[in-house]
Amino acid sequence: MVLNIFCWNVRGIMSSAYPLSHMLDKFTIDIALITEHKLLPRSANFLDSIHPSFTSILTIDESIDQYSMQTCGKAGTAILYRKSLESSIDQIGSILNDRIIGIEVKVEHRLPLYIFCIYMPSDNDIVMFKNTLGDIESLLMHYTQLGSVVLAGDFNARLHTPYNANLPLTQKSDILNSF
């Protein structure tokens, strides 16, 4: 089984629905991982209308005041997947962090694939950043024993690589690099 996985970090899911739908078709995407800082509970039904061949699951930062205009930096993660894959996909329900959503993809005669969509804190709350990274580490340690794992999303930090070696790192980047 070959899967095309796509990660989409967006400021507004409603305003980007058409380009997303177009890209799902253009690149024959099977699973789309979405992070949005304004994803609200009322967006849940909208996600299922983005493309007729896809269904969605999502998690939303529980601290969001959905009636406030100030939701920047809050977490919303969603996974859209082809309806044809429904019998092969289960949502991982044991994740206690509302910045992380995950699925198990069952593959015939192979170990399962675990895909996690992550939205790390965008503000400078280092404690929350470390706690979320600790939750990711726990998931990684558990699920790598059961199959292959994909971590994707908006980590709100950058890895120090030769490509960006001259760019200054933030405290969050240092923590992510240590991870």
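Everything discussed here concerns the structure shown above.
S.K.: Kindly report on the overall build of the protein, identifying the contributing residues and their values.
M.R.: Within the protein, the regular secondary structure consists of four helices and eight strands. Along the chain direction, N to C, the helices and strands of the protein fall in the order β-α-β-α-β-β-β-β-β-α-β-α. Burial status across the protein gives 47% buried among its 179 residues. As presented, the protein carries roughly 9800 Å² of accessible surface, and 52% of it is formed by carbon and sulfur atoms.

S.K.: Please give an account of unusual backbone geometry that cites residues and values.
M.R.: Of note in this structure, threonine 28 is not a glycine but carries a positive phi near 45°. Residue position: threonine 28 is located in the loop between helix H1 (17-26) and strand S2 (31-36).

S.K.: Could you give me a rundown of the sheet that holds strand S1 (residues 5-10), with the residues and numbers involved?
M.R.: Taken in spatial order, the four strands make up an open sheet running S1-S2-S4-S3, and their pairing is mixed. Two strands in the sheet have a free side with no partner beyond their single neighbour: S1 and strand S3 (54-60). Along the sheet, successive strands turn relative to each other by an average axial angle of 15°, direction set aside. With respect to the sheet, H1 is in contact with S1, S2, S3 and strand S4 (76-82), its orientation differing from that of S1 by roughly 165°.

S.K.: Residues and numbers for the sheet that holds strand S6 (residues 100-105), please.
M.R.: An order of S5-S6-S7-S8 is seen for the four strands of this open sheet, with the pairing classed as mixed. Each edge of the sheet is formed by a strand with only one pairing partner; in this case those strands are strand S5 (89-91) and strand S8 (148-154). Direction aside, the axes of adjacent strands within the sheet are offset by 20° on average. Note: S5 against S6, three bridges, orientation antiparallel. Counted as the bridge partner of isoleucine 89 is valine 105 from S6.

S.K.: Please provide a residue-by-residue account of the side chain of histidine 51, values included.
M.R.: The topology assignment puts histidine 51 in the loop between helix H2 (44-47) and S3. When its relative accessible area of 6% is taken as the criterion, histidine 51 is described as buried. In terms of polar contacts, histidine 51 uses its side chain to reach the backbone amide nitrogen of serine 53, at 3.0 Å. The residues touching histidine 51, leaving out its near neighbours within four places in the chain, are Ser21, Leu24 and Asp25.

S.K.: If you had to explain H1 to someone new, which residues and values would you point to?
M.R.: All of the buried residues along H1 are Ala17, Leu20, Ser21 and Leu24. When H1 is viewed along its axis, its buried side chains cluster within an angular range of 100° and face the same direction. Exposed residues pointing more than 90 degrees away from the buried face of H1 are listed as Tyr18 and Lys26. Where H1 is buried, its residues meet S1, S2, H2, S3 and S4. Downstream of H1 by one or two residues, threonine 28 has phi in the positive range, about 45°.

Conventions adopted
Residues numbered from 1 in each chain as written. Predicted model: local features only at pLDDT ≥ 70, side-chain atom pairs only at ≥ 80, totals over all residues. Heavy atoms only, no water. Helix = DSSP H or I, 4+ residues; strand = E, 2+ residues; numbered from the N terminus. Buried < 20%, exposed > 50% of the residue type's maximum accessible area, 1.4 Å probe, protein only. Areas by Shrake-Rupley, 256 points an atom, 1.4 Å probe, with all protein chains shown as cover. Pairing = 2+ DSSP bridges. Axes fitted to C-alpha atoms, helices over the stretch in contact; angles between N-to-C directions. Contact = heavy atoms within 4.5 Å. Polar contact = N/O pair within 3.5 Å; in protein donor to acceptor, adjacent residues only side chain to side chain. Arc of directions from axis to C-beta.

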